[in-house]
Amino acid sequence: MSGDPIYTEMIIEYSRNPSNYGKIEDAHITRHDSNPLCGDSIDLYLNIDDKKISDVKFDGKGCAICMACSSVLTEMIKGKSLEDVKKFEKDELLSELGLEHLIKTSPVRIKCALLSLKALKYGIYSYFAEKMNDVESAGNLKEEAANLY
Amino acid sequence: MSGDPIYTEMIIEYSRNPSNYGKIEDAHITRHDSNPLCGDSIDLYLNIDDKKISDVKFDGKGCAICMACSSVLTEMIKGKSLEDVKKFEKDELLSELGLEHLIKTSPVRIKCALLSLKALKYGIYSYFAEKMNDVESAGNLKEEAANLY
Amino acid sequence: MQANTYSLEEIRNDFPVLNRRVRDDKKLVYLDNAATTQKPNQVIDAITDYYQNHNSNIHRAVHALAEESTEAFEVTRDKIAKFLNIQNREEIVFVKGTTEAINLVAYSWGRDNVQKGDIVVTTEYEHHSNIVPWQLLTQETGAELKYIDIDDDGELILEQLDEYLSTGKVKLVAISHVSNVLGTITDIHNVIKKCKNVGAKVLVDGAQAVPHMKVDIASLGCDFYAFSAHKMLGPTGVGVLWARKELLENMRPFQGGGDMIREVHKHETTWNDLPYKFEAGTPNVADVICFAAAIDYLTKIGMDNVRSHETELTKYALEKMSKVKGLTIYGPKDPQKASGVISFNFNDVHPHDVATIIDKNGVAIRSGHHCAQVLMEKLNVAATNRASFYIYTTKEEVDTLIDSLEQVAEVFKL
Amino acid sequence: MQANTYSLEEIRNDFPVLNRRVRDDKKLVYLDNAATTQKPNQVIDAITDYYQNHNSNIHRAVHALAEESTEAFEVTRDKIAKFLNIQNREEIVFVKGTTEAINLVAYSWGRDNVQKGDIVVTTEYEHHSNIVPWQLLTQETGAELKYIDIDDDGELILEQLDEYLSTGKVKLVAISHVSNVLGTITDIHNVIKKCKNVGAKVLVDGAQAVPHMKVDIASLGCDFYAFSAHKMLGPTGVGVLWARKELLENMRPFQGGGDMIREVHKHETTWNDLPYKFEAGTPNVADVICFAAAIDYLTKIGMDNVRSHETELTKYALEKMSKVKGLTIYGPKDPQKASGVISFNFNDVHPHDVATIIDKNGVAIRSGHHCAQVLMEKLNVAATNRASFYIYTTKEEVDTLIDSLEQVAEVFKL
Ligand SMILES: Cc1ncc(COP(=O)(O)O)c(C=O)c1O
Ligand SMILES: Cc1ncc(COP(=O)(O)O)c(C=O)c1O
């Protein structure tokens, strides 16, 4: 099984020791999302200060792909500006873990990979709408989240 | 088309000139029935005197088979005792018109042939139940009507 | 087969049933296409291939067969979107047939949007599927059900619609795109425009339209659109409800069960995304997948060619039939205004008798009320005969139908 | 094939998909039978034959194809009656699947018979199809939904049922005959007896029972029984609701449309006889007809033989699996108490990962919540792996499954 296109060392490692796993009490943004088809279910917690992601954590239950992608996503966005996060694309996340091929090869597993990203986009969507009154960005984010997979 | 197993001279003749066609005003029993699959729809009117069918008529719209069978049925039961009518079987009616074969050959058309008989059985069922308090006969009649086709 | 050359022979070769001989070894003349159409080899083979090589439940598993089946299932949705010019694929809900599609709307949208005092409008030429659900809804809610009448040519009297709309109480107009008995093509753009002006929703029953002509849902502008696969070369047991996303999003679910949920807890449950929220339980996987082959087939012929073939046949049939003594034809006499459906009565012979007699000649037409008893009442007949054409129907078959009527005359000594 | 000699080889030869090779040319090992079973040639050929030679709409026409189709359609009803020992054929209603059957009851019976203050009882091991409709019903009516919990062996704690019943408020108990996740066979005779004593109605979800064991509805004594054709060799898109005649007679219709009516007028309508009152619209004609071939196939094998084959396999699998390090098995450990379904987890590897890795070996199992999230919550897991067997499953296939787990251990360095 060496050279497995999905279960790389990195993914196995992250699934055993996820980064940023846990809860932020009274987080500025909390977003729950789940995968109705398989039961993966996570909560994403974000603190925003100065229009930046000052802290981010996640918890929940998911497969190795979901855990690894959530870990990497939280690592990638921590400290980033909301503007950057708004523009963050799924390819960036997938390529970080060598999972771009899933889009083509596994319509089911791609949902595991992108669950946390979906939670992120939906999470900041309401922030843009309510806290920043940026209706256009909010609309785009919602659209993007809905069409992620 | 001579020798047609359904459209015999007799059936065509009855369909053009049905017997006992019409309405009895204030009939003792009036029973409406229809064929949900094709739209044949008839009303059967019965007067009962002395536990006998003193008069019977029918009207409505139906195909040649329905018209012929209704005609023959009304002819056959007029003057008969309720006891005899209770025991009247579909084979008697069908054989009078040479239509026994329909039971096997045409599950759809058999319904046209037996519509008036069904109305008859249902009609006297309530008479047995309400006027004569003969619950057993009523029960049998209802059962028979429901399972006629 | 090119989009521009309509090869009737090639088409007929794709339909094995057209070689059937029935009764006393008579060649089958199948003129009951409004009830259900025949299926080409391409569709039959797709079903066989699916069950022989791919069969699996969908959506929830990661194994090879499940992935293949899930993808094929969703491909059909994409093909329907393209075929009917639907922008959002998630607006396409798979159901059992037109009947279920309409009942879904009556239940999930109707129960929350139609109240006492409101009006639901339908027409005299609707199929029971587009009447009974609204009777049930209006009786339950205390709303009123109104009918648009038809004139002597079998066309809707749209002034009545204006009148109903002017009350400001109309919540929904539920109307056929094409009548299944008269073939009348509804002036649907006009109807929708009138409704939009006053904010009434429009449900279009497209069961007899999608199989027979180009339908462009984006340009129609209606709110709900329903049709059945089995009337357009596809398998039985599949239908489609299309509805605007905003409506579907706000509608309560119809059936509860697998696939339509997001999270189920003992006492609370959240719903899945569109369209799955309305697709409870294992769908008719095989037949949805094979429906794609039917859409491909029609796309290859081209819907404009389908329409012109049928128009030509209808013209031919109407001309010939108008010369038959004792024949009454219902509905539009102009083939441009109707689809390939002709309803008629022959002297005073009951349609059942007509159908039984010509069936001996191999001619399959439908006789009865065609699930349109309100229309029968209007026409003041118990029933009619209905001959309905499709892509494989020939002029010779129309001739056989007409010739067979002579035998009816003979039997009934007319 | 004799009823007494179970020839696995002959049976396997009837299922073309079992020759499939998947992924890197691996032999398919199909262990997802609780989701849907494969189809034998006999069923596939029946579908082909139907569409090639007989296809027609049913019930309303008098032409040859319509008569053939109508008869074949009703033959399936008769075969189901015989297969399940149902006395009245008109108590058999064709629906899309188990999900629709249960929703039909929730709607047509539930809306008129369950009120505020009443109790509906279900169990922790139900499929979402037998939970969500009751959530919707009880939320709408203000009734209460109660669950029978399961014990550590995955069996129902029936004392809780006694407790609920003793309140005198229970209107319905909706319960699986066999759990689709644990395989547990419910002590259904006992449950029904308890309910009958206090006049509570019982709906049995037989989706996982009818395919796997002899079911005798007359002797069960329940009120409603539901199952799906696609889980017992039949096509997708067909299910059955059986219900007592007295109940069906008094229930309001579910969907409105063609076939379910007797007479339709503009403002009033009367219903057709049973079972047609509940079969609105064009049914899934082809698939209902071909379902008969599946019933014939199972009848020929004999349901007792089906059951003993599965019991033997389950015994074999449980024995072998109990020796695998890090494997947790959920549900009864006694193969007599369960059907051929084994749910398990492997160390702390998420079932999705297990399924993806062994799929590379051609092994098709299901991983996830199996539409039983309430049960997952109870077991305190996000998901499980589920291997489920059927008439064509071999011991070698069970071996392949177990061997494949080693690869999971390797990938996850366990
Ligand atoms: C126990 C049980 N009930 C209900 C269902 C639902 O059946 P269907 O999806 O065929 O409607 C299933 C299978 O999915 C099941 O296993
Ligand atoms: C105009 C129209 N609407 C609705 C229906 C119902 O479609 P189905 O029986 O496929 O549900 C039909 C055909 O039967 C029809 O012709």
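Residues numbered from 1 in each chain as written. Chains lettered and ligands numbered in written order. Predicted model: local features only at pLDDT ≥ 70, side-chain atom pairs only at ≥ 80, totals over all residues. Heavy atoms only, no water.

### Considerations on the domain arrangement of chain C
Residue and element names in this part refer to chain C. Under the domain assignment used here, chain C contains domain 1 (8–30 + 302–411) and domain 2 (45–299). Taking only C-alpha atoms into account, the centre of domain 1 sits 28 Å from that of domain 2. Taken together, the contact pairs 34 residues of domain 1 with 32 residues of domain 2. Here domain 1 meets domain 2 over a buried area of about 2600 Å², counting both sides, of which 61% is carbon and sulfur. Considering only the side of domain 1, the residues that lose the most area to domain 2 are Met303, Leu375 and Tyr390, jointly responsible for 24% of the buried surface there. Summed over the shared surface of domain 1 and domain 2, the result is 2 salt bridges. Of all the secondary-structure elements, those providing two or more residues to the side of domain 1 that touches domain 2 are α11 (303–321), β14 (341–346), α13 (373–379) and β17 (384–388). The biggest single contributor to the side of domain 1 that touches domain 2 is α13, with 6 residues. Residues that form the side of domain 1 that touches domain 2 fall into these classes: 18 nonpolar, 9 polar and 7 charged. (Domains from an automatic or database assignment. Contact = heavy atoms within 4.5 Å. Buried area = accessible area lost by both parts, 1.4 Å probe. Salt bridge = Lys/Arg side-chain N within 4 Å of Asp/Glu carboxyl O. Helix = DSSP H or I, 4+ residues; strand = E, 2+ residues; numbered from the N terminus. Nonpolar A, V, L, I, M, F, W, Y, C, P; charged D, E, K, R; others polar.)

### Quick notes on the interface of chain B and chain C
Between chain B and chain C, the contact holds 21 residues from the first and 20 residues from the second. The contact between chain B and chain C buries some 1600 Å² in all, and 55% of this surface belongs to carbon and sulfur atoms. At the junction of chain B with chain C, the criterion picks out 3 salt bridges. In this structure, Arg109 of chain B and Asp353 of chain C form a salt bridge, with 3.0 Å as the shortest nitrogen-oxygen distance. Where chain B meets chain C, there are 8 residue pairs in polar contact (both at pLDDT 80 or more). Of all the secondary structure elements, the ones that give two or more residues to the side of chain B that touches chain C are α1 (9–16), α2 (64–77) and α6 (109–131) of chain B. Among the elements that take part in the side of chain B that touches chain C, α1 of chain B stands out by supplying 4 residues, more than any other. Classifying every residue of the side of chain B that touches chain C by side-chain character gives 12 nonpolar, 3 polar and 6 charged. (Polar contact = N/O pair within 3.5 Å; in protein donor to acceptor, adjacent residues only side chain to side chain.)

### With respect to the interface of chain C and chain D
Contact with chain C, which involves 96 residues of that partner, is made by 96 residues of chain D. For the chain C face of the interface with chain D, the top three residues by lost area are Tyr51, Lys96 and Lys266 of chain C, together amounting to 10%. Here Lys266 of chain C and Asp149 of chain D are joined by a salt bridge, their closest N and O atoms 3.3 Å apart. On inspection of chain C and its partner chain D, the count reaches 52 residue pairs in polar contact (both at pLDDT 80 or more).

### Things to note about the site of ligand 2
Neighbouring residues of ligand 2: 14 residues in total, closest Thr99, Asp205, Gln208 and Lys231 of chain C together with Thr282 of chain D. At ligand 2, the nearby residues belong to more than one chain, namely chains C and D. The backbone of Thr98 of chain C places a nitrogen or oxygen atom 3.3 Å from an oxygen atom of ligand 2. His127 of chain C is positioned such that a nitrogen or oxygen atom in its side chain is 3.1 Å from an oxygen atom of ligand 2. The protein chains hide 97% of the 390 Å² of surface that ligand 2 would expose on its own. (Near = heavy atom within 4 Å. Areas by Shrake-Rupley, 256 points an atom, 1.4 Å probe, with all protein chains shown as cover.)

### Brief notes about the site of ligand 1
Taken together, the neighbourhood of ligand 1 is formed by 14 residues, with Thr282 of chain C together with Thr99, Asp205, Gln208 and Lys231 of chain D sitting nearest. Neighbouring residues of ligand 1 are distributed over chains C and D. Note that an oxygen atom of ligand 1 is positioned 2.8 Å from one of the side-chain N or O atoms of His230 of chain D. Lys231 of chain D places a side-chain nitrogen or oxygen 2.8 Å from an oxygen atom of ligand 1. Expressed as a share of its isolated accessible area of 390 Å², the protein-covered part of ligand 1 is 97%. In terms of residue class, the shell around ligand 1 is built from 1 nonpolar, 11 polar and 2 charged.

### Re the relation of the copies chain C and chain D
Superposing chain C onto chain D requires a rotation of 180 degrees together with a translation of 0.0 Å along the rotation axis, leaving an RMSD of 0.0 Å. What we have between these two chains is a two-fold relation. Proximity to the rotation axis, assessed at the C-alpha, singles out Gly237 of chain C in chain C; its C-alpha lies 3.2 Å from the axis. When the interface residues of chain C are mapped onto chain D, 100% of them are again interface residues, pointing to one common binding face. (Least-squares fit on C-alpha atoms with pLDDT ≥ 70 in both.)

### Some points on the packing of helix α4 (residues 98–113) of chain C against helix α5 (residues 132–141) of chain C
Residues and elements named next belong to chain C. Orientation of α4 relative to α5, taken along the N-to-C sense of each, is 20 degrees, at an axis distance of 9 Å. Comparing the axis directions of α4 and α5 gives the class roughly parallel. In this structure, the crossing between α4 and α5 has a hand that is right-handed. In this structure, α4 uses Ile102, Asn103, Val105, Ala106, Gly110 and Arg111 to contact α5, whose residues at the interface are Pro133, Trp134, Leu137 and Glu140. Across the contact of α4 with α5, the residue classes tally to 6 nonpolar, 2 polar and 2 charged. (Axes fitted to C-alpha atoms, helices over the stretch in contact; angles between N-to-C directions. Parallel < 35°, antiparallel > 145°, perpendicular 65-115°, else oblique. Left-handed = near helix turned anticlockwise from the far one by under 90°.)

### As for the sheet that holds strand β1 (residues 29–34) of chain B
All names here are of chain B. Strand order in the open sheet made by the 3 strands is β1-β2-β3, with antiparallel pairing throughout. Strands at the two margins of the open sheet, each flanked by one partner only, are β1 and β3 (52–61). Ignoring which end each strand starts from, the neighbouring axes of this sheet average 15 degrees apart. The sheet contact formed by β1 and strand β2 (residues 41–49) spans 6 bridges and is antiparallel. Looking at the pairing, Asp33 lines up with Ile42 of β2. The strands touched by α2 are β2 and β3; relative to β3, the strand with the most contacts, the crossing angle is about 170 degrees. (Pairing = 2+ DSSP bridges.)

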